[in-house]
2 protein chains.
Amino acid sequence: MSGSGRSNLVVAQSGGPTAVINNSLCGVIEQAKASSDIDRVYGARYGINGVLGNDFLDLTEESPETIAKLRTTPGSALGSCRRKVVEEDYENIIKVFKQRNVGYFIYIGGNDSMDTANVLYNMIRERNLDLRIIGIPKTIDNDLMYTDHCPGYGSAARYYAISLKEVGLDIETLPTPVSIFETMGRHTGWLAASTALAKESEEDAPHLIYVPERPFEFDRFKEDVRRVHDALGWVVVAVSEGLKTAAGEPVSISRNQANVDNFGHGLPGDVGSVLANTVTESLGMRARSEKPGLCGRSSIAHVSDTDREEAYRLGTMSIQHIVNGLSGYMMGLKRERESPYQCSIEQVDLGKVANIEKSLPDHFIGADSNWITRDFKAYARPLVGGKLPDYVRLLRR
Amino acid sequence: MSGSGRSNLVVAQSGGPTAVINNSLCGVIEQAKASSDIDRVYGARYGINGVLGNDFLDLTEESPETIAKLRTTPGSALGSCRRKVVEEDYENIIKVFKQRNVGYFIYIGGNDSMDTANVLYNMIRERNLDLRIIGIPKTIDNDLMYTDHCPGYGSAARYYAISLKEVGLDIETLPTPVSIFETMGRHTGWLAASTALAKESEEDAPHLIYVPERPFEFDRFKEDVRRVHDALGWVVVAVSEGLKTAAGEPVSISRNQANVDNFGHGLPGDVGSVLANTVTESLGMRARSEKPGLCGRSSIAHVSDTDREEAYRLGTMSIQHIVNGLSGYMMGLKRERESPYQCSIEQVDLGKVANIEKSLPDHFIGADSNWITRDFKAYARPLVGGKLPDYVRLLRR
């Protein structure tokens, strides 16, 4: 690789997709194709599996029109994986990169991917190899440290804010008394919290929000639901799929061994359904649940323009930095200004960010553990992009 | 009422909302305010409950801007209900209408509402009262007879087609092997069938679609999932919430008495969740489920332009007809032309349409009972409106 002048670039996507993850990919490809330091642009098929299996797409050959369309395509266009990279894998990764004359590696992913990138980076440094690595964060969960927020979060948050508002109008005008709206978020409440953006007045949905940062108490939940129902006649509750009891038990957990991911994380079951049944059985009220699931991270109609542009910019900037010699960093976002909102790009040591989860801070969670504060709304509002829809109300005028 | 010249109009909404039900309401209000035959325009709050409780909004007083905003507002803006109207109620309805000098009644609703309107119409005719009634159909379920389709269906179908396509891209690129995508539709498969519009090639999601018109067989389902998984490595299955076994048992039914609606209909439980567990337990594959629930009938971002315009036009036309003397009819839609698609408005006897359900015809369901035919797609395509999003694929080029 060294001494040859131009070398090749590999880009890979890892973990769960976001609605804008292909914007980062698009930025990487467009900027890399324009760079005189980079020869071929290879996309690893299905994340690190593609590297290990020497299974690449030559993206240099794709038309600009195809690459541009990535900006409005959900899923991970290169394919993704959740493979836990083990020690012998790293040797093979380096072997494949040498064979292919790869001098640059861009890894778009979350916690686990930044860990992989960091281990690889340390090996490269020890062996003094001419291979540079940059990580681009993505996760709807928004749980990476040392970045103001994660690309992908703003669009999922916009999805949840708008969808919760719409479900609220549906429930309010047709009194099925209770809806439990389940958001993604296995360990943190960033996504459940985003539904708070739907609420403008006291009567608006959501009336209650429960996040995994606080132990979930069934009795307290039932009291909360009854109280809101007595006051309004209808209740919309937002819950994170990752809710746990004080004993650390998931409020609902998939029963089967098959439903454990490759990192050994247990997968949550249907919390919304469990809690709707709790309401029906204990309070005798009709209750239903909504679980948009993957729709929440793949809806192009709900993409945040801010999120889309940031994801794209991290892609282009990662190439500018890597050809200038940067390696071993994740491209973080730093909030420079609140109004008008502005973020700059910040270099974060891969070693710092790997395998740490950022939870909702205390000042974002209401004192009663069933509500989200104004501080959170001020933080999240610019991330969800343009104006939220303004619906009319005849009943409450 | 008679002899006074101008009399008042009551409009009410009933049953579950659609994403465009307020377009019909908007058309009714705008046209009624413009009519010299109509004095005040009253909206009954919460459906027939508002009539019985003499609880009305005076919509004549609302600004044109507010009324226009109804076109992009989900839910039933007047409030809705599922009240089963009993014999003594009808006397009270007539009493309230007399007190308020109501000469015109527009009822926007589904099966049950058309039944209510029909009973009322027969009483009026027997007593020779000067009160006219027209029904405007609405239901995402698309299960009313004597109309080509129901306003509200096209938007829900567009929602499901786009969402299923997006979930398919997510699942395909990150192989969680199986997703069960649950649509609404308690008794008929029109909504589950609409996901077929997402599929352009054999490999595209959805790979399997199950509708309540065919008995659901667990063993057959497991074989189907395994077969697709062996071929592709991933499977997206669309299921209707109303799936039943050959014995007529719901595949999943909410256990509780509280979850029975006021017409005595049992409410389905979480079919997607039940079938995802079946896949995990029986086939040992990771499986998840998506249940957008009420999001499917309230997402303004997914409204079909065709559906929106038809819903609005039924509203305006109902006023034109009722002031011209029409009564006792539902405003149906008749397909006049396929290409370019065109529908005219057809008058349907309320007595004909009440309480009958339209199922998917046999030629819309594949011979294996796990697929939807081209005939259905040809029928449904114009209803979902403008172009469906065209996503790019790198992996399968």
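Residues numbered from 1 in each chain as written. Chains lettered and ligands numbered in written order. Predicted model: local features only at pLDDT ≥ 70, side-chain atom pairs only at ≥ 80, totals over all residues. Heavy atoms only, no water.

Asks: Help me understand the overall build of chain A in this model?
Replies: Each helix and strand counted, chain A has 13 helices and eleven strands in total. Rg of the C-alpha trace for chain A: 22 Å, near the compact-globule value of 21 Å for 397 residues, within the 12% margin. With respect to the three principal axes, the spread of C-alpha positions in chain A is 75 × 45 × 35 Å. When burial is assessed residue by residue, chain A has 63% of its 397 residues classed as buried. The long-range share in chain A, meaning contacts at least 24 apart out of those at least 6 apart in sequence, stands at 76%. (Helix = DSSP H or I, 4+ residues; strand = E, 2+ residues; numbered from the N terminus. Rg over C-alpha atoms; globule rule 2.2 N^0.38 Å. Buried < 20%, exposed > 50% of the residue type's maximum accessible area, 1.4 Å probe, protein only. Contact = heavy atoms within 4.5 Å.)

Asks: Just checking my understanding: could you explain helix α5 (residues 111–127) of chain A for this structure?
Replies: At 3.6 residues per turn, the α-helix brings residues three or four places apart onto the same side. Under the 1.5 Å per step criterion, the end-to-end length of α5(A) is 25 Å for 17 residues, consistent within 8% with the ideal 24 Å. Taken together, the buried positions of α5(A) are occupied by Asn111(A), Ser113(A), Met114(A), Asp115(A), Thr116(A), Ala117(A), Asn118(A), Leu120(A), Tyr121(A), Met123(A) and Ile124(A). (Expected span 1.5 Å × (residues − 1).)

Asks: I keep staring at the relation of the copies chain A and chain B and nothing clicks. Help me out?
Replies: One copy of the chain maps onto the second through a rotation about an axis and a displacement along it. With an RMSD of 0.0 Å, the operation that places chain A on chain B is a rotation of 180° combined with a shift of 0.0 Å along the axis. Within this description, the copies of the chain are treated as partners about a two-fold rotation axis. Among all residues of chain A, the minimum C-alpha distance to the rotation axis is found for Pro292(A), at 2.0 Å. (Least-squares fit on C-alpha atoms with pLDDT ≥ 70 in both.)

Asks: Would you take a moment to explain the sheet that holds strand β8 (residues 235–240) of chain B for this structure?
Replies: Strand pairs in the sheet, formed through backbone hydrogen bonds, run parallel or antiparallel to each other. Residue and element names in this part refer to chain B. The parallel open sheet is built from four strands, whose spatial order is β7-β8-β6-β9. Both outer strands of the open sheet, β7 (208–210) and β9 (287–290), are each paired with one neighbouring strand and no more. Each strand axis lies, on average, 20° off the axis of its neighbour in the sheet, ignoring direction. Note: β7 against β8, three bridges, orientation parallel. Considered in β8, the bridge of Leu208 is made with Val237. Relative to β7, helix α8 (residues 218–232) is tilted by about 160°, and along the sheet it contacts β6 (178–183), β7 and β8. (Pairing = 2+ DSSP bridges. Axes fitted to C-alpha atoms, helices over the stretch in contact; angles between N-to-C directions.)

Asks: How do you make sense of the interface of chain A and chain B when you look at a structure like this?
Replies: Accessible area lost during the coming together of the parts is what is often quoted as the interface size. Chain A puts 72 residues into the contact, and the matching count from chain B is 72 residues. Interface area for chain A against chain B, summed over the two sides, is near 5,900 Å², with a carbon-plus-sulfur share of 54%. If you look at where chain A meets chain B, you find four salt bridges. The partner of Lys69(A) in a salt bridge is Asp390(B), with the nearest N and O atoms 2.6 Å apart. Inspection of the chain A/chain B interface yields 21 residue pairs in polar contact (both at pLDDT 80 or more). When contributions to the side of chain A that touches chain B are tallied by element, the ones reaching two or more residues are α3 (64–69), α6 (153–173), α9 (271–283), β9 (287–290) and α10 (295–298) of chain A. Here the side of chain A that touches chain B gets nine residues from one element, more than from any other, and that element is α6(A). (Buried area = accessible area lost by both parts, 1.4 Å probe. Salt bridge = Lys/Arg side-chain N within 4 Å of Asp/Glu carboxyl O. Polar contact = N/O pair within 3.5 Å; in protein donor to acceptor, adjacent residues only side chain to side chain.)

Asks: So what exactly am I meant to see when it comes to the nonpolar core here?
Replies: Generally speaking, soluble globular proteins have nonpolar side chains that are buried together. Ranked by size, the top nonpolar core spans 157 residues in total, and within it Ile106(A), Phe376(A), Ile106(B) and Phe376(B) carry the most contacts. Residues in contact with Phe376(B), not counting those within four places in the same chain, are Tyr153(B), Trp190(B), Ala193(B), Ser194(B), Leu360(B) and Phe364(B). By size, the runner-up hydrophobic cluster in this structure holds 33 residues, among which are Tyr90(B), Ile94(B), Met114(B) and Met123(B). (Core = buried A, V, L, I, M, F, W, Y, C linked by side-chain atoms within 4.5 Å.)

Asks: Would you take a moment to explain the pattern of salt bridges for this structure?
Replies: Working definition: two side chains of opposite charge can pair if their charged atoms are close together. What the rule picks out here adds up to 48 salt bridges over all chains. As a salt-bridge pair, Glu309(A) and Arg308(A) come within 3.3 Å of each other at their nearest N and O atoms. The class for Glu309(A) is partly exposed, based on a relative accessible area of 39%. Since its relative accessible area comes to 27%, Arg308(A) is described here as partly exposed. Arg40(B) serves as the salt-bridge partner of Asp58(B), at 2.8 Å between the closest nitrogen and oxygen. A residue pair is termed long-range when its members are at least 10 positions apart, and Asp58(B) in strand β3 (residues 56–58) and Arg40(B) in strand β2 (residues 38–44) qualify at 18 residues. We classify Asp58(B) as partly exposed; its relative accessible area is 26%. Accessibility expressed as a relative area gives 24% for Arg40(B), which makes it partly exposed. Within the structure, one salt-bridge network assembled from shared partners comprises Glu172(A), Glu203(A), Asp204(A), Arg393(A) and Arg396(A).

Asks: What am I meant to see in the packing of helix α4 (residues 87–99) of chain B against helix α5 (residues 111–127) of chain B here?
Replies: Two quantities define a packed helix pair, namely the angle between the axes and the distance from one axis to the other. Residues and elements named next belong to chain B. Taken N-terminus to C-terminus, the directions of α4 and α5 make an angle of 70°; their axes are 11 Å apart at the nearest point. Put simply, α4 runs roughly perpendicular to α5. As for how α4 packs across α5, the hand of that crossing is right-handed. Seen from α4, the contacting residues are Tyr90, Glu91, Ile93, Ile94 and Phe97; seen from α5, they are Asp115, Thr116, Val119, Leu120, Met123 and Arg127. Taken together, the residues of the contact of α4 with α5 sort by class into seven nonpolar, one polar and three charged. (Parallel < 35°, antiparallel > 145°, perpendicular 65-115°, else oblique. Left-handed = near helix turned anticlockwise from the far one by under 90°. Nonpolar A, V, L, I, M, F, W, Y, C, P; charged D, E, K, R; others polar.)

Asks: Mind showing me how you'd approach the packing of aromatic side chains here?
Replies: Aromatic rings considered in pairs are described by the distance between their centres and by the relative angle of their planes. For the coordinates displayed, the defined rule picks out 32 aromatic pairs over all chains. Aromatic side chains Phe97(A) and Phe105(A) sit 5.1 Å apart centroid to centroid with 55° between the ring planes, which places their arrangement in the tilted category. Residues Phe97(A) and Phe105(A) agree in their burial class; the two are buried. Plain terms: the ring middles of Tyr159(A) and Tyr160(A) are 5.5 Å apart, the flat faces sit at 85° to each other, and that makes the pair edge-to-face. For the residue pair Tyr159(A) and Tyr160(A), the accessibility class agrees, reading buried in each case. Every member of this aromatic cluster is reached through a ring pair, and the members are Tyr153(A), Trp190(A), Phe364(A), Phe376(A) and Tyr379(A). Taking the ring centre of Tyr312(A) as reference, the NZ or CZ of Arg71(A) above it sits at 3.9 Å. We note Lys352(B) situated over the ring of Tyr146(B); from NZ or CZ to the ring centre the distance is 4.3 Å. (Phe/Tyr/Trp six-rings, centres within 6.5 Å; stacked < 30°, edge-to-face > 60°. Lys NZ or Arg CZ within 6 Å of the ring centre and 35° of its normal.)

Asks: Explain the sheet that holds strand β10 (residues 329–338) of chain A to me, please; I cannot follow it from the model alone.
Replies: Residue and element names in this part refer to chain A. Across the sheet, seven strands lie side by side as β3-β2-β1-β4-β5-β10-β11; this open sheet has mixed pairing. Where the open sheet ends on each side, the last strands, each with one partner, are β3 (56–58) and β11 (341–349). The average undirected angle you get between the axes of adjacent strands in this sheet is 30°. Of the strand pairs in this sheet, strand β1 (residues 7–13) and strand β4 (residues 102–109) are connected by six bridges, and their pairing is parallel. When the sheet's bridge partners are listed, Asn8 is paired in β4 with Val102. Across the sheet, helix α1 (residues 21–34) is in contact with β1, β2 (38–44), β4 and β5 (132–137); its angle to β1 comes to roughly 175°. Packing against the sheet, helix α11 (residues 305–323) makes contact with β1, β2, β4, β5, β10 and β11, and its axis sits at approximately 170° to β5.

Asks: Teacher, can you tell me more about the environment of Asp390(B) here?
Replies: Its place among the elements puts Asp390(B) in the segment after α13 (374–380). The sequence separation of Asp390(B) and Lys334(B) amounts to 56 residues, and the corresponding C-alpha distance is 30 Å. Within the local environment of Asp390(B), its side chain forms a polar contact with the side chain of Lys69(A), the two groups lying 2.6 Å apart.

Asks: Help me understand the environment of His363(B) in this model?
Replies: Residue and element names in this part refer to chain B. Tracing the backbone through its elements, the reader meets His363 in the loop between α12 (350–353) and α13. What makes His363 partly exposed here is its relative accessible area of 46%. For His363, the contacting residues outside a window of four places in its chain are Thr373 and Asp375. Looking at His363, its side chain comes within polar contact range of the side chain of Asp375, at 2.8 Å.

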